[in-house]
Amino acid sequence: MTENEKQPRSRRRPARLLLGALSGLLAGAAALAVAEAVAGAVRPQAGPVVAVGGAAIDRTPAGLKDWAIRNFGTDDKLVLQLGILAALALFAVALGTVALWFRRAGAAGVLVIGAVGALAATGRPDSTGPADALPSLAGAAAGAVLLYLLAGRLAPRAPVPGTAPSGADWDRRGFVVAAAAAAVASAGAGTLGRFLSGAGGRDALASRDRIVLPAAGSPAPAVPKGAGPRIAGLSPFLTPTGAFYRVDTALVVPKVDATTWRLRIHGRGVARPVTLSYEDLLRRDLVERDITLTCVSNEVGGPYVGNARWTGVRLAGLLAECGVQPPSRGGPADQLVARSVDGMTIGSPVEDVMDGRDALLALGMNGEPLPFAHGFPVRMVVPGLYGYVSACKWIKEIELTTFDSYDPYWVRRGWAREAPVKTQSRIDTPRPFARPRTGTVMVAGVAWAQHRGIDKVEVRVDDGPWQGARLAAEDTTDTWRQWSFPWQATKGGHTLTVRATDRTGQVQTERRTRTIPDGASGWHSVVVTVDCPPRNHLSPSPRRQHALP
Ligand SMILES: Nc1nc2c(c(=O)[nH]1)N[C@H]1C(S)=C(S)[C@@H](COP(=O)(O)O)O[C@H]1N2
Ligand SMILES: [Mo]
């Protein structure tokens, strides 16, 4: 008699339950790996995790989205995908356990989950057709078969007469072999999926590598000396591309091939609709402009604002060539709806786009072709409007319509139809809860009121009077403006508050509002604790200070 046979049956049940859960997990992993491999061949966006994640993003209530952005920032997508994987793991464990008693039901459960993935994938706005169901269906089929087989190995079996007792009342060897084979095959399928989805973007990558942006006929005016004072902790005047915030709903960054990319302009009052290629845009007059972009989801003091040098084509001229007239000149369309390759829709007022401001179809960012994450090959940028009503990335279509007849993506989710950027200011340094030393502390930051311009920035210490900050030189009214304030810091805790006044004379409001529906308002404050410098220090080294040039 072996050890095992002496144990009461009930002692062995937990082990069998664990193995059931394990087979569920293995089947789930195999399903995902096969699905990703097929998605790599079909379309990376058609994979179940990305498709279900995308569907979840589209259905997320604005309040929850706000909460996610507040707590996870731009990691919110990673958190979402990990959440989906965790949910799938739970389902897998449950189905693996069910399959111990009901093999068919367990396998059928895997198929049901696959069907959910398939529905999500074909229902995405960027779905290219029924083929998008394939990854989930193939994965689910593989997972269902595997679960059925593994559960079979775990099924109690009658002792075979004339053989030595195996020590277990199930096919231990068969299970280990099948499980190991499944794990190896899943790893292989997963690797294949990575390789294939990489291959899908290769043409797009190559097309971007080949692009040489010609010098703009209308270059950006030189940034005035002193627009970006060198103060430790202050944001650079031009945000490096790698540090530029990214906000979008895309779980997989679209990789668009510039050589096959087209932009169609059509709709109400478009007398001469056109379809343009990237080459067509390159042949037009290129302009280069510094424009500060802001996200409506930026909290007071938040990071979703950046200033870049954009190269592109002025949209107003292009629209005029198509016969478009702004509403003020009798044009029938008051809303310009931009559509992206990933199904995003973004609506801007036609009036704003054609009122003389530098509304751009941008091809370049900081002297390079747009990075994929920022909308390659072409995106819109409109000074003075929040990104969600102006800055469509991966654009492929512009439709002239009316605000009455069409609500774009974010408007359907409770955000305002029209959203000019609110006058705002932010303290970059000192950081919240910093412990500067007594003496001169340089308080500095940025202020923005795109297309209106910043005229004044004031700083308040605790409940003291508002004091004028030094304004750095202005680049254009479409860019943010740096400011600084040398503060004679005294020992103890202090609250520093900033407010800006724009060129229309509007003082930044104290009234705190949420980001939804049309952008946060209120004053940015930072709390610091000022310490005395250590006593008996022979050569006191003052904190690094940079005077304004
Ligand atoms: N296709 C697409 N374009 C988009 C979005 C998006 O989700 N999808 N988000 C918009 C929003 S809300 C903002 S604030 C800007 C951000 O641009 P960035 O990621 O280049 O900073 O892109 C806009 N364009
Ligand atoms: Mo945004």
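Just so it is clear, the structure is predicted and the values come from calculations on it, not from any experiment.

J.: Mind showing me how you'd approach the pairing of strand S3 (residues 287–294) here?
T.: Regular strands have side chains that alternate between both faces of the sheet. Burial of S3 is extensive: eight of the eight residues sit out of reach of the surface. Both faces of S3 are covered, namely the face carrying Val287, Arg289, Ile291 and Leu293 and the face carrying Glu288, Asp290, Thr292 and Thr294. In this sheet, strand S4 (residues 305–314) lies alongside S3 in antiparallel orientation, the contact comprising eight bridges. Bridging from a neighbouring strand, Glu288 pairs with Thr311 of S4.

J.: In this structure, what is going on with unusual backbone geometry? I would like to understand it.
T.: When glycine is set aside, most residues are seen to have a negative phi, and most peptide bonds are trans. Put simply, Phe376 and Pro377 share a cis peptide bond, and its omega is 5°. Here His451, not a glycine, exhibits a phi torsion of approximately 75°, which is positive. Tracing the backbone through its elements, the reader meets His451 in the loop between strand S12 (439–448) and strand S13 (454–461). Of the residues examined, His451 reaches a relative accessible area of 31% and is grouped as partly exposed.

J.: Would you mind showing me how to read the site of ligand 1 here?
T.: Taken together, 20 residues lie around ligand 1, and Tyr245, Thr249, His374, Arg379 and Lys393 are the ones closest in. A distance of 2.7 Å is found between an oxygen atom of ligand 1 and a backbone nitrogen or oxygen belonging to Tyr245. The side chain of Arg379 places a nitrogen or oxygen atom 2.7 Å from an oxygen atom of ligand 1. In isolation ligand 1 has 530 Å² of accessible area, and contact with the protein removes 99% of it. Applying the majority rule of atoms within 2 Å of the grid points places ligand 1 in the largest cavity. A class-by-class count of the residues in the shell around ligand 1 yields 11 nonpolar, four polar and five charged.

J.: What should I look at first to understand empty space enclosed by the protein in this one?
T.: Over the atoms, a rolled probe matching the size of one water molecule traces out where space is still vacant. With the rule as written, the count across this model stands at four cavities of 30 Å³ or more. The space that makes up the largest cavity amounts to roughly 350 Å³. In terms of lining, the largest cavity is formed by 25 residues, of which the most central are Val247, Asp248, Gly387, Tyr388 and Lys393. Counted by class, the lining of the largest cavity contains 14 nonpolar, five polar and six charged residues. Size it by volume and the second largest cavity reaches roughly 180 Å³. Contributing to the lining of the second largest cavity are 15 residues, with Arg124, Asp126, Thr249, Ala250 and Asp342 lying nearest its centre. The residue makeup of the lining of the second largest cavity, split by class, is seven nonpolar, four polar and four charged. Of the domains in this structure, domain 1 (3–205) and domain 2 (241–413) are the two that each give at least three residues to the lining of the second largest cavity.

J.: Sorry if this is basic, but what is going on with the sheet that holds strand S11 (residues 424–429) here?
T.: Where strands meet in a sheet, backbone hydrogen bonds hold them as pairs that are either parallel or antiparallel. Strand order in the open sheet formed by four strands is S11-S12-S16-S15, and the pairing between neighbours is antiparallel. Edge positions in the open sheet fall to S11 and strand S15 (470–471), since each of these has one partner strand only. Sheet analysis places S11 next to S12, joined by five bridges and oriented antiparallel. Bridge pairing links Thr429 to Ala444 in S12.

J.: Help me out: how do you make sense of a nonpolar patch on the surface in this one?
T.: Side chains of Leu17, Val98, Trp101 and Phe102 sit close together on the surface and give an oily, nonpolar patch of about 400 Å² of accessible area. Secondary-structure assignment places Leu17 in helix H2 (residues 9–42).

J.: For this particular structure, what's the right way to read the packing of helix H5 (residues 76–101) against helix H7 (residues 134–154)?
T.: Put simply, H5 and H7 touch, their axes get as near as 9 Å, and they point 50° apart. One element, H5, and the other, H7, form an angle in the oblique class. The two elements H5 and H7 meet at a crossing, and its hand is right-handed. Residue-level inspection shows Leu95, Gly96, Ala99 and Leu100 of H5 in contact with H7, the latter providing Leu147, Ala151 and Leu154. Counted by class, the contact of H5 with H7 contains six nonpolar, one polar and no charged residues.

Thresholds, definitions, all that
- Residues numbered from 1 in each chain as written.
- Chains lettered and ligands numbered in written order.
- Predicted model: local features only at pLDDT ≥ 70, side-chain atom pairs only at ≥ 80, totals over all residues.
- Heavy atoms only, no water.
- Buried < 20%, exposed > 50% of the residue type's maximum accessible area, 1.4 Å probe, protein only.
- Helix = DSSP H or I, 4+ residues; strand = E, 2+ residues; numbered from the N terminus.
- Pairing = 2+ DSSP bridges.
- Near = heavy atom within 4 Å.
- Polar contact = N/O pair within 3.5 Å; in protein donor to acceptor, adjacent residues only side chain to side chain.
- Areas by Shrake-Rupley, 256 points an atom, 1.4 Å probe, with all protein chains shown as cover.
- 1 Å grid on protein atoms, 1.4 Å probe; cavity = no way out; pocket = protein on both sides within 12 Å on 5 of 7 lines; lining within 4 Å.
- Sits in = over half its atoms within 2 Å of the grid points.
- Nonpolar A, V, L, I, M, F, W, Y, C, P; charged D, E, K, R; others polar.
- Points joined across faces, edges and corners; volume = space filled by probe spheres on them.
- Domains from an automatic or database assignment.
- Patch = residues over 30% accessible without salt bridge, like charges linked within 9 Å, V, L, I, M, F, W, Y side chains within 5 Å.
- Salt bridge = Lys/Arg side-chain N within 4 Å of Asp/Glu carboxyl O.
- Axes fitted to C-alpha atoms, helices over the stretch in contact; angles between N-to-C directions.
- Parallel < 35°, antiparallel > 145°, perpendicular 65-115°, else oblique.
- Left-handed = near helix turned anticlockwise from the far one by under 90°.
- Contact = heavy atoms within 4.5 Å.

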